[in-house]
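Each chain, letter by letter, is given below.
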Amino acid sequence: MFPMARVFVTRRIPQSALDRLQAEATVDVWPEPLPPPYEELRRRVADCEGLLCLLTDRIDADLIAAAPRLRVISQMAVGYDNIDVAAATARGIPVGHTPGVLTETTADLTWALLLATARRLLDGVRSIEAGQWRTWDPLGLLGTDVHGATLGIVGLGRIGAAVARRAVGFGMCILYTGPREKPDVAAGVGATYVDFDTLLRESDIVSIHCPLTPETRHLFDARAFARMKPGAILINTARGGIVDHEALLEAVRSGHLGGAGLDVTEPEPLPADHPLMHQERVIVTPHIGSATVRTRTRMANMAVDNLLAGLRGERLPYCVNPEVYTKNGRG
Ligand code: NAP
């Protein structure tokens, strides 16, 4: 239908999705295991109508300006803090993302991290590997009870609510905070809306599920950690930039926090010698929240749905800047 449309895909993605894209467009796929360097990305996108990108790609105003034919940006992720959406909107370019399809998978990973951190699974495995398992120790590797604890959810959106649903089974008291109350969702899980400081003060475990924005950057800083309960645990499966990692390290090292589970960091990856990678009571996983075969396949297909819609001049099924349609009268 539009055989001449050129698309750059910034990494290899599940084949079923790529096949659908290749059937309708001329597709250039970045073949390397690491993301394209910024200059290379900019060069490859320069003559493209479509871009399928990942959260590891910086899609800034300069890159968008250097791609005069670009008509659609489709991100294979729900978060899109790596994209200058305002610059895309100014050019009338719709930006797509993949909400919903990864919600339950990311909530599962959040719980894996939450349980592993609270019950110090990694410390236990490391102690075996170091030959330190000599006996049942009444005082060894003591963690935090999850059942019956108070869970504070920062951002009761799709993933936050899915995490809360799982918490019901653990008999947890659930608090949440965010820009506004979510009475319907909260009622379903028995969650109570509180302000940020109350959530910090009262939660045994705090789990972050808000987007990274200028307002949430370093929301968890030294001040926030000081307000958390002694022994509390922090879980972050949202975005690394929401947490000040130096302040977190200090809060765990000092013994004020009981541990941290991080699926996301800033930068990613953290340098191998970063102290958080080797800190007792801290577990870092390599941004695997959505990493199951089924979910990654669904995400890729959703990203292709968005991309193909954009190339056809149709409304993107999952668009983060729908104002492009009203602005341009394409509504
Ligand atoms: P979502 O449905 O949009 O939920 C985000 C929630 O955060 C919304 O309820 C929002 O409230 C709230 N929020 C916004 N600003 C806030 C603030 N300052 N303080 C507290 N809450 C705030 O998004 P989602 O699908 O659940 O995804 C959440 C985030 O998870 C994504 O942005 C992404 O960065 C991350 N993520 C990570 C992985 C991974 O692999 N680790 C996978 C998927 C997603 P309002 O609705 O009232 O604005």
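Coordinates for the structure precede this section.
This report concerns the structure included in the present document. (Residues numbered from 1 in each chain as written. Predicted model: local features only at pLDDT ≥ 70, side-chain atom pairs only at ≥ 80, totals over all residues. Heavy atoms only, no water.)

## Topic: the nonpolar core
As a reminder, the rule being used: Only buried Ala, Val, Leu, Ile, Met, Phe, Trp, Tyr and Cys residues count toward a nonpolar core, and they belong to the same one when joined by side-chain atoms within 4.5 Å. For each residue, the accessible area found with a 1.4 Å probe, counting protein chains only, is set against the maximum for its type, and the residue is called buried under 20%, exposed over 50%, and partly exposed in between. Secondary structure is summarised from DSSP: a helix means a run of H or I of at least four residues, a strand means a run of E of at least two, and numbering begins at the N terminus for each. Per the annotation, domain bounds derive from an automatic or database assignment of domains. Contacts are residue-level and defined by heavy atoms, with any inter-residue pair within 4.5 Å sufficient.
Val9, Leu21 and Leu52 are the most contacted members of the largest nonpolar core, which has 57 residues in total. Examining the composition of this core, we find that eight residues originate from one element, helix H12 (residues 293–312), more than from any other. Among the domains, domain 1 (6–101 + 293–327) and domain 2 (103–284) are the pair contributing at least three residues each to this core. Setting aside residues no more than four positions away along its own chain, Leu21 makes contact with Val7, Val9, Val27, Leu52, Val304, Leu307 and Leu308. Listed in part, the 30 residues of the second largest apolar core include Cys210, Leu212, Ala260 and Leu270.

## Considering the site of the ligand
For clarity, the threshold we go by: Throughout, near means a residue has at least one heavy atom within 4 Å of the molecule or strand. Counting of polar contacts relies on pairs of N or O atoms within 3.5 Å, with two restrictions inside protein: one atom must be capable of donating a hydrogen and the other of accepting it, and residues adjacent in sequence are counted only when both atoms are side-chain atoms. Using a 1.4 Å probe, accessible areas were evaluated by the Shrake-Rupley method; residue-level cover was limited to the displayed protein chains. Under this grouping Gly is polar, as are all residues other than the nonpolar Ala, Val, Leu, Ile, Met, Phe, Trp, Tyr, Cys and Pro and the charged Asp, Glu, Lys and Arg.
Not every one of the 27 residues close to the ligand is listed here, only the nearest: Arg158, Ile159, Arg180, Lys182 and Thr237. Contact distances for the ligand include 2.9 Å between an oxygen atom and a backbone N or O atom of Arg158. In the model, an oxygen atom of the ligand is placed 2.5 Å from a nitrogen or oxygen of the Arg180 side chain. Summarising the interface, the protein chains cover 83% of the accessible area of the ligand, which totals 930 Å² for the free molecule. In terms of residue class, the shell around the ligand is made up of 10 nonpolar, 12 polar and five charged.

## Here's the deal with the sheet that holds strand S1 (residues 6–9)
To keep it simple, the criterion reads: Strand pairing is assigned whenever DSSP detects at least two bridges linking the two strands. Here an angle of 0 to 180 degrees is reported between the N-to-C directions of two axes, which are lines fitted to C-alpha atoms, with helices fitted over the stretch in contact.
Within the open sheet, the five strands sit side by side as S2-S1-S3-S4-S5. Their pairing is parallel. Taken across any chain shown, the strands that pair with only one partner, and hence form the sheet edges, are strand S2 (26–29) and strand S5 (95–96). Strand direction decides the pairing type here: S1 and strand S3 (residues 50–53), joined by three bridges, are parallel. From the neighbouring strand, Phe8 faces S3, where its bridge partner is Leu51. Lying on the sheet, H12 is in contact with S1, S3, strand S4 (72–75) and S5; it crosses S4 at an angle near 175°.

## Quick word on the layout of surface pockets
Note the cut-off: Only protein atoms enter the 1 Å grid used here. Points where a 1.4 Å probe fits but cannot escape make up a cavity, open sets with protein on both sides within 12 Å along at least five of seven lines make up a pocket, and a residue lines them when an atom lies within 4 Å of a point. Grid points are joined across faces, edges and corners, and a volume is the space filled by probe spheres set on the points.
Estimated volume of the second largest pocket: approximately 430 Å³. Around the second largest pocket, the lining comprises 14 residues; the ones closest to its centre are Trp133, Thr135, Asp137, Gly140 and Leu141. Taken together, the residues that form the lining of the second largest pocket break down as six nonpolar, six polar and two charged.

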